[in-house]
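Residue-level listing of the chains:
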Amino acid sequence: MEPKEKYEQLIEEQLQELKRELDNYRAMIKSAEILSMPKDDIQKYISNLLENQKTLLLLFPQLTSNVQIINFFWENNALELEQVTIALNNILTDERVKDCLNNKEKYELQVKKLESEIKELDEKSLTAKASFILKASISDEEKISILKELAYESCKNATTKEENIIKEKEKESKEIETLFPEEVTVNVNKEGLNKLKEEYLKLKDSIESIISKYYYLINGKDEKYINYNREMAKAIKAQESQDNLNLSTLGIDEFQYKDISMTVLILDMLETKQELELQLDNPNTTLEDISDYFNILKEDYNKAIALDSILTEEKIEEEKTTNEIYFLLDESNSPFFDMDKFSKDDKKRCQALIEKFEKGVHDHEKGKKHTKFKSNYKKNNIYINRSSNMCVSYIRTKDNKVLILTFADFKEVFDNTEPIALNFDYLIDEALANIKNNNVTFLETQKEFVEYFKEQIKTKGDEHK
């Protein structure tokens, strides 16, 4: 498939994903409107609730029994009975329902944001294209190929505008030269150059220190690798400039974007530093030239220091290991996956993933960091580990304990994990609290389930290993 065709296919898939998110938020808003209606006419209130029960129960399956109670008494014209009041009160005091009611305005903002993203993708703006390609599940070669096409289009469209800007700057430069006598300009330049040189010498050791620390990112790398990182960084920067977003909002907090950003910063600092030092030794240089290089170098250095702080903190977290594994279980202590449907190979993959966790390995591929799961669930980061076609979605606590959400095929892991994270977040909160507090009952239940799970995923011949 040609890069352009591949891109069009990916855009369509992304549009469908955004539209699913949009539908979910709209459903949350609709549910909030249904439940927050005035209750002065209780018959009208309940009638509206039952008419929209499909929407409500899709989002809040834990309300099923209470809705069924209300529906029973509605059909029997007995809404005045206490059971109706209790059931209705149970619905309105449910934690997830209260959260929905309290966050209606937030959901409305998300709807506007998603509508804007969908519009951008529909119109295929350069910024939306670049941002999307960065996050697409395609090979590095395909990303490079598509980004080059985007970059070519952008450059072609911007050529006329840039030429006009250059001409305008040349005109302004000639006008400035006529305003001051040559002697005054020389004196000002000399004084300014000496001051700037002093500033650079004070900062030089720190700049060289950060370059040395991350030089391994570019040491021995070929031109293809360097170009790839530059293309990625350009696209991220375009998105940041367009939307006024910080790096974290863009997804720069994910490992690949952090490494890309630091790689490009180190490259830029090396090039700018070299040019700056050449200009400082050039007797014919101007203060304007030196200032431009120095300011660019300082800006890149400050960005590198900020990114270094994040990377250092993450490295400390990475070095903390534990082999404690827990499973998210429902009210009947059942997992959110069906082991009976797993093939023999599936069970082997599950076993391999568990063994990695037990060794303190939380990476789906050697040499790579965690693959973060993109979700509307915002309370805790969800990660995905993979063994062949089998994936496990999980949450890591601050001390690196693992709470497994589900096992699923690579093609199904998103569709299986998303509803768990959104519809059963109260179970996730409860499990994480129990892990943190070492709840005795919880730990005993987990111990029993882990033993059962390991027994179930054993395949014939394992006992002889």
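Our subject is the structure that appears above.
Conventions we followed
- Residues numbered from 1 in each chain as written.
- Predicted model: local features only at pLDDT ≥ 70, side-chain atom pairs only at ≥ 80, totals over all residues.
- Heavy atoms only, no water.
- Helix = DSSP H or I, 4+ residues; strand = E, 2+ residues; numbered from the N terminus.
- Buried < 20%, exposed > 50% of the residue type's maximum accessible area, 1.4 Å probe, protein only.
- Areas by Shrake-Rupley, 256 points an atom, 1.4 Å probe, with all protein chains shown as cover.
- Expected span 1.5 Å × (residues − 1).
- Arc of directions from axis to C-beta.
- Contact = heavy atoms within 4.5 Å.
- Polar contact = N/O pair within 3.5 Å; in protein donor to acceptor, adjacent residues only side chain to side chain.
- Axes fitted to C-alpha atoms, helices over the stretch in contact; angles between N-to-C directions.
- Parallel < 35°, antiparallel > 145°, perpendicular 65-115°, else oblique.
- Nonpolar A, V, L, I, M, F, W, Y, C, P; charged D, E, K, R; others polar.
- Core = buried A, V, L, I, M, F, W, Y, C linked by side-chain atoms within 4.5 Å.
- Pairing = 2+ DSSP bridges.
- Salt bridge = Lys/Arg side-chain N within 4 Å of Asp/Glu carboxyl O.
- Phe/Tyr/Trp six-rings, centres within 6.5 Å; stacked < 30°, edge-to-face > 60°.
- Lys NZ or Arg CZ within 6 Å of the ring centre and 35° of its normal.

A.B. asks: Whenever I open this one, the overall build of the chain confuses me. Can you help?
C.D. replies: Of the regular secondary structure elements, the chain holds 18 helices and five strands. When each of the 465 residues of the chain is scored for burial, the buried share is 40%. When the accessible area of the chain is evaluated, it comes to approximately 27,900 Å², of which 48% is carbon and sulfur surface.

A.B. asks: Whenever I open this one, helix α18 (residues 440-457) confuses me. Can you help?
C.D. replies: Each α-helix turn comprises 3.6 residues. Residues three or four places apart therefore point the same way. Compared with the 26 Å implied by 1.5 Å per residue over 18 residues, the 26 Å span of α18 between its first and last C-alpha is a close match. Taken as a whole, α18 has its buried residues at Phe442, Gln446, Phe449, Val450, Phe453 and Ile457. One face of α18 carries all of its buried residues, which in axial projection span an arc of 110°. Away from the buried face of α18 by more than 90 degrees, exposed residues Val440 and Thr441 are located. On its buried face, α18 is in contact with β1 (325-327), α15 (344-358), β5 (402-409) and α17 (425-437). Measuring from the side-chain oxygen of the N-cap residue of α18 to the backbone nitrogen of Thr441 gives 3.1 Å; that N-cap residue is Asn439.

A.B. asks: Got a minute to help me understand the packing of α15 against α18 in this structure?
C.D. replies: Helix-helix packing: each pair is described by the crossing angle between the helix axes and the interaxial distance. In the contact formed by α15 and α18, the axes pass within 9 Å of each other and the chain directions differ by 135°. Judged by the inter-axis angle, α15 sits oblique to α18. Contacts between α15 and α18 pair Lys347, Cys350, Gln351, Ile354 and Glu358 from the former with Phe453, Lys454, Gln456 and Ile457 from the latter. A per-class count over the contact of α15 with α18 returns four nonpolar, two polar and three charged.

A.B. asks: Just checking my understanding: could you explain the nonpolar core for this structure?
C.D. replies: Within soluble globular proteins, side chains that are nonpolar tend to cluster in buried spots. Core analysis: the largest hydrophobic core is formed by 35 residues, its most contacted members being Leu35, Ile46, Leu49, Phe60 and Ile70. Those elements that place two or more of their residues in this core are α1 (3-35), α2 (42-51), α3 (53-59), α4 (64-75), α5 (82-92), α6 (95-102) and α7 (104-123). Core analysis: the next-biggest nonpolar cluster, separate from the first, contains 25 residues, Leu193, Leu196, Leu203 and Ile290 among them.

A.B. asks: For this particular structure, what's the right way to read the side chain of Thr406?
C.D. replies: Within the secondary structure, Thr406 sits in strand β5. For Thr406, the side chain forms a polar contact with the main-chain oxygen of Phe336, separated by 2.9 Å. Thr406 has contacts with Phe336, Phe337, Cys391, Val392, Ser393, Asn416, Thr417 and Ile420, leaving out every residue within four places of it along the chain.

A.B. asks: Honestly, the sheet that holds β5 in this entry has me stumped. Any pointers?
C.D. replies: Strand pairing in a sheet relies on backbone hydrogen bonds. The paired strands run either parallel or antiparallel. Taken together, the five strands give an open sheet; going across it, the order is β1-β5-β4-β3-β2, and neighbouring strands pair in mixed fashion. Strands with a single pairing partner mark the edges of an open sheet, and in this sheet they are β1 and β2 (371-372). Bridge count between strand β4 (residues 390-396) and β5: seven bridges; the pairing is antiparallel. Bridge pairing links Ile395 to Leu403 in β5. Across the face of the sheet, α17 comes into contact with β1, β4 and β5 while running at roughly 135° to β5. Packing of α18 onto the sheet brings it into contact with β1 and β5, and relative to β1 it is tilted by some 90°.

A.B. asks: Is there a simple way to explain the pattern of salt bridges in this structure?
C.D. replies: Where charged atoms from two side chains of opposite charge come close, those side chains can pair. Applying the stated rule across the entire model yields 13 salt bridges. For Arg96, the salt bridge is made with Asp425, and the minimal N-O distance between the two is 2.8 Å. Note that Arg96 is positioned in helix α6 and Asp425 in helix α17, a separation of 329 residues in sequence. Relative accessible area serves as the criterion here: at 8%, Arg96 is assigned to the buried category. Residue classification places Asp425 among the buried positions, given a relative accessible area of 11%. Among the ionic pairs, Lys213 bridges to Asp308, the shortest N-O distance being 2.8 Å. Taken as a pair, Lys213 in helix α10 (residues 182-213) and Asp308 in helix α14 (residues 287-319) lie far apart in primary sequence, 95 residues in all. Exposure remark for Lys213: the relative accessible area of 43% places this residue in the partly exposed category. Salt bridges here are not isolated pairs; linked through shared partners, they connect Arg96, Lys379, Asp425 and Asp429.

A.B. asks: In this structure, what is going on with the packing of aromatic side chains? I would like to understand it.
C.D. replies: Aromatic ring pairs are described here by two measures, namely the spacing of the ring centres and the angle between the planes. With the rule as written, the count across this model stands at 18 aromatic pairs. Taking the centre distance of 5.6 Å and the plane angle of 15° together, the rings of Phe407 and Phe453 count as stacked. In this pair, Phe407 sits in strand β5 while Phe453 sits in helix α18, placing the two residues 46 residues apart along the sequence. Across the pair, exposure class does not vary: Phe407 and Phe453 are buried alike. Connected via pairs of aromatic rings, a cluster forms that spans Phe327, Phe337, Phe342, Phe407, Phe449, Tyr452 and Phe453. A cation over an aromatic ring shows up here: Arg386 above the ring of Phe410, its NZ or CZ 3.8 Å from the ring centre.

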